[in-house]
Amino acid sequence: MSRFLMTSALATGLALPAMAQGEGREVSGELTYLPRIALPDDASVTLAVEGAFGTLLGEARFDTGGAQVPLPFSLEVVPGLNGTLGALIRVEDSAWWIAQDVAVPAGADPLDLGMITLEQFSPLAFATAFDCGGTAVAFGIADDKAVLRVGGQDYEMQQAIAASGARYVAVDDESTEFWSKGDSAMLTVEGQDMGECTVVDPTPAAYRARGNEPGWSATIGEASVEIDADYGALALSADRPDVQLEPGAYVFDMPEIAARLTVEDRLCKDLSTGMPHPHHATLMLEDRELKGCGGDPASLLTGAEWTLTDIGGETPVEGAEAVLGFGPQDRAYGSTGCNRFMGGYTLTGEGLSMGQMGVTMMACPDPLMAQERAVLDALAAVMRFDIDESGALLLIGGPEDAPLLTARRD
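Residues numbered from 1 in each chain as written. Predicted model: local features only at pLDDT ≥ 70, side-chain atom pairs only at ≥ 80, totals over all residues. Heavy atoms only, no water.

### Structural notes on the side chain of Arg25
At step 1: As for its position among the elements, Arg25 is in strand β1 (residues 25–32).
At step 2: Despite its burial, Arg25 pairs with no opposite charge; the closest candidate is Asp109, at 7.0 Å N-O.
At step 3: Once residues lying within four places of it in the same chain are set aside, the contact partners of Arg25 are Leu75, Glu76, Val77, Pro79, Val104, Pro105, Ala106, Gly107, Ala108, Asp109 and Leu111. (Helix = DSSP H or I, 4+ residues; strand = E, 2+ residues; numbered from the N terminus. Buried < 20%, exposed > 50% of the residue type's maximum accessible area, 1.4 Å probe, protein only. Lys, Arg positive; Asp, Glu negative; His and termini not counted. Salt bridge = Lys/Arg side-chain N within 4 Å of Asp/Glu carboxyl O. Contact = heavy atoms within 4.5 Å.)

### Describing the state of the cysteines
At step 1: Applying the stated criterion across every chain yields a total of 3 disulfides.
At step 2: Between the sulfur atoms of Cys132 and its disulfide partner Cys197 the distance amounts to 2.0 Å. An S-S torsion of about 110° defines the bridge between Cys132 and Cys197 as right-handed. One end of the pair, Cys132, is in strand β9 (residues 128–132); the other, Cys197, is in strand β16 (residues 192–199), with 65 residues separating them in the sequence. (Disulfide = S-S within 2.5 Å.)

### Some details on the packing of aromatic side chains
At step 1: Enumeration according to the criterion identifies 9 aromatic pairs in this entry.
At step 2: Relative to Trp97, the ring of Tyr33 has its centre 4.0 Å away and its plane inclined at 5°; by these criteria the two rings are stacked. Residue Tyr33 is found in the loop between β1 and β2 (43–50), and its partner Trp97 is found in strand β6 (residues 94–104); the two are separated by 64 residues along the sequence. The same class applies to Tyr33 as to Trp97, namely buried.
At step 3: Centre to centre, the rings of Phe53 and Tyr250 are 5.3 Å apart; their planes meet at 70°, and the pair counts as edge-to-face. Separated by 197 residues along the polypeptide, Phe53 in the loop between β2 and β3 (56–63) and Tyr250 in strand β22 (residues 249–254) bring together distant segments of the chain.
At step 4: Note on Tyr250: relative accessible area 0%, which makes it buried.
At step 5: Here the aromatic residues Phe53, Tyr207, Tyr250 and Phe252 are joined through ring pairs into a cluster of three or more.
At step 6: Here Lys181 stacks its cationic end above the ring of Trp179, 5.0 Å away from the centre of that ring. (Phe/Tyr/Trp six-rings, centres within 6.5 Å; stacked < 30°, edge-to-face > 60°. Lys NZ or Arg CZ within 6 Å of the ring centre and 35° of its normal.)

### Re the sheet that holds strand β5 (residues 83–91)
Sheet strands associate in pairs through backbone hydrogen bonding, adopting either a parallel or an antiparallel arrangement.
At step 1: An order of β3-β2-β5-β6-β8 is seen for the 5 strands of this open sheet, with the pairing classed as antiparallel. The open sheet has two edge strands with one neighbour each: β3 and β8 (119–120).
At step 2: In terms of strand pairing, β2 meets β3 through 7 bridges, oriented antiparallel. Bridge pairing links Ser44 to Asp63 in β3. (Pairing = 2+ DSSP bridges.)

### Thoughts on the pairing of strand β12 (residues 153–160)
At step 1: Note: strand β11 (residues 145–150) against β12, 5 bridges, orientation antiparallel. Residue pairing in the sheet places Leu148 in a bridge with Tyr155 of β12.
At step 2: Taken together, β11 and the strand that follows it, β12, pair antiparallel across an intervening segment of 2 residues, in which Gly151 is found at a positive phi of about 55°.
At step 3: For β12 and strand β13 (residues 166–170), the ladder comprises 4 bridges, and the chain directions are antiparallel. Residue pairing in the sheet places Gln159 in a bridge with Tyr168 of β13.
At step 4: In sequence, β12 turns back onto β13 through a hairpin of 5 residues, with Gly165 there showing a positive phi of about 70°.

### Let's talk about the environment of His277
At step 1: Take His277: it is sitting in strand β25 (residues 276–277).
At step 2: Taking the relative accessible area as the measure of exposure, His277 reaches 11% and is therefore buried.
At step 3: For the pair His277 and Asp386, spaced 109 residues apart in sequence, the C-alpha separation works out to 9.5 Å.
At step 4: When neighbours within four sequence positions are excluded, His277 is seen to be in contact with Arg266, Leu267, Cys268, Asp270, Cys293, Gly294, Gly295, Pro297 and Leu300.

### Remarks on a negative patch on the surface
At step 1: Taken together, the side chains of Glu23, Glu26, Glu30, Glu76 and Asp112 make up a negatively charged region of the molecular surface.
At step 2: Mapped onto the elements, Glu76 comes out in strand β4 (residues 71–77). (Patch = residues over 30% accessible without salt bridge, like charges linked within 9 Å, V, L, I, M, F, W, Y side chains within 5 Å. Areas by Shrake-Rupley, 256 points an atom, 1.4 Å probe, with all protein chains shown as cover. Charge placed at Lys NZ, Arg CZ, Asp CG, Glu CD.)

### Observations concerning the environment of Ala249
At step 1: Structurally, Ala249 is set in strand β22.
At step 2: In the structure, Ala249 is positioned 143 residues away from Ala106 in sequence and 11 Å away in space, judged by C-alpha atoms.

### A look at the sheet that holds β9
At step 1: Here 8 strands make up a closed barrel; going around it, the order is β9-β10-β11-β12-β13-β14-β15-β16 and the pairing antiparallel. Averaged over all adjacent pairs, the angle separating strand axes in this sheet is 30°, with direction ignored.
At step 2: Of the strand pairs in this sheet, strand β15 (residues 184–189) and β16 are connected by 5 bridges, and their pairing is antiparallel. Note that in β16 the partner of Thr188 across the bridge is Asp193. (Axes fitted to C-alpha atoms, helices over the stretch in contact; angles between N-to-C directions.)

### Points about the pattern of salt bridges
At step 1: This structure, assessed with the given rule, holds 10 salt bridges.
At step 2: Residues joined in a network through salt bridges with shared partners are Glu246, Asp253 and Arg260.

This is the structure:
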C-alpha cells in the first residue's frame with residue numbers, strides 16, 4: 001500500500017464514493033500476530049483498501065474493546081476493482097502492528113481473505129527509498145521514531161541540531177548520520193561518507209492509455225491530462241480531474257474539452273502487438289468512442305513471485321519449487337528448484353526478453369540439474385509474455401512462438 005494512502009487513511013480517512021446499500025462488496029477476514037503480547041483495552045484497528053490512481057476503495061475502523069487476536073473484520077469496497085489491503089493496530093497514538101499489500105482481487109461476490117498475520121510496526125513501513133552512491137537506503141519516521149536501513153542493517157535514529165534541513169544521528173553511534181534536505185540527503189555510516197543520496201521514484205510515473213485506428217493516447221500526469229487523437233492531428237489538455245469510481249472502472253471526466261476517459265480494471269491485449277495491459281480504456285471525444293488499452297504491462301509481472309507449473313511441457317520435479325520474480329529496476333530473479341538465479345529483463349512495446357542470468361553453483365541430483373538447464377534455456381528464448389484467462393503467466397518464444405514456461409501465483 002502506498003505510503004501516502006496508508007498514512008492518509010489511518011490518520012484522517014479519505015472520501016469514498018457514495019454507495020447505495022448493498023452496492024458495495026464485502027471483504028472480511030481475521031487479524032493476528034505471532035508474539036504472545038496482549039492488546040490493551042484501548043487498542044483500535046484501521047483497515048484501508050487501495051486501488052489504482054491512489055484511490056481508496058474502502059476503509060473500516062473499530063475499537064477492540066479488550067478483545068484479543070484473532071480479530072475478525074469486515075469492510076465494504078467498490079466492486080469489480082483490484083486492490084491491496086493494509087491493516088494497522090494502534091494503542092493510543094502509537095502504531096503497534098501492521099500488515100501491508102494484501103491482495104484483494106477484483107470481483108463482486110463477498111471475499112474472505114482468511115487469517116492475515118501482522119508484523120510489529122516499524123517506521124520503515126512508511127519509509128522513503130534513497131540511492132546513496134549506488135547503495136539502497138531506506139529512512140522512515142513515524143510516531144516520533146526514526147529508523148535508517150543500510151545494507152540490511154537498521155539504525156535507530158534521533159533528531160539532532162541542524163542549521164537547515166532535518167539531521168538525524170544514530171542513538172548509539174553519532175558517527176552514523178542522515179541529513180535530509182528536500183529530495184536529497186547526505187549519509188555517513190559508522191564514519192564512512194556514503195555520498196549524496198537522491199530519492200528513488202519520488203513521484204509516480206504518468207499513466208498512459210492508447211488505442212489504434214484512429215491512433216490516440218491519453219496521458220494522466222500529476223496535474224494534467226494530455227490527449228492526442230487522430231494520429232496526432234488533435235491535441236487537447238485539461239487539468240487532472242478527481243477520479244470517479246464506478247463498479248469495475250475509474251472515470252476521468254473532462255467536460256471543458258468534451259472528453260471522458262473510462263479505465264476498466266480488466267485485462268486488455270493490444271490489437272496490433274498482442275501485448276497484455278492491465279486495463280481496458282475507452283476515450284469519449286464528444287460523440288466519438290475510441291477503444292484501447294491502459295496501464296503499464298510491467299505491472300502484470302511485478303509483485304508477488306510466480307511459481308512455475310510447466311517447464312517445456314514437463315511438470316516440475318516434485319518437492320523442488322521453481323519460482324520466478326520480476327523486481328524493480330528491470331531485475332529478474334528466482335530459483336530453478338536447485339540454484340538461485342538473477343539477471344535483467346527488457347520489456348518493450350513489442351515483447352519481453354530476458355538477459356543472461358547469473359546462477360549460484362550448488363550441485364543437485366540429476367533430475368534437478370536437468371530441470372535447471374531447461375528453465376535457463378527457456379528464459380533465454382523468451383520473446384514475449386501473456387496472461388491467460390485463468391491468470392497464469394505464459395512466457396512465450398522459440399521457433400514455434402509457443403509457451404516455454406507457465407507460472408501461477410498462489
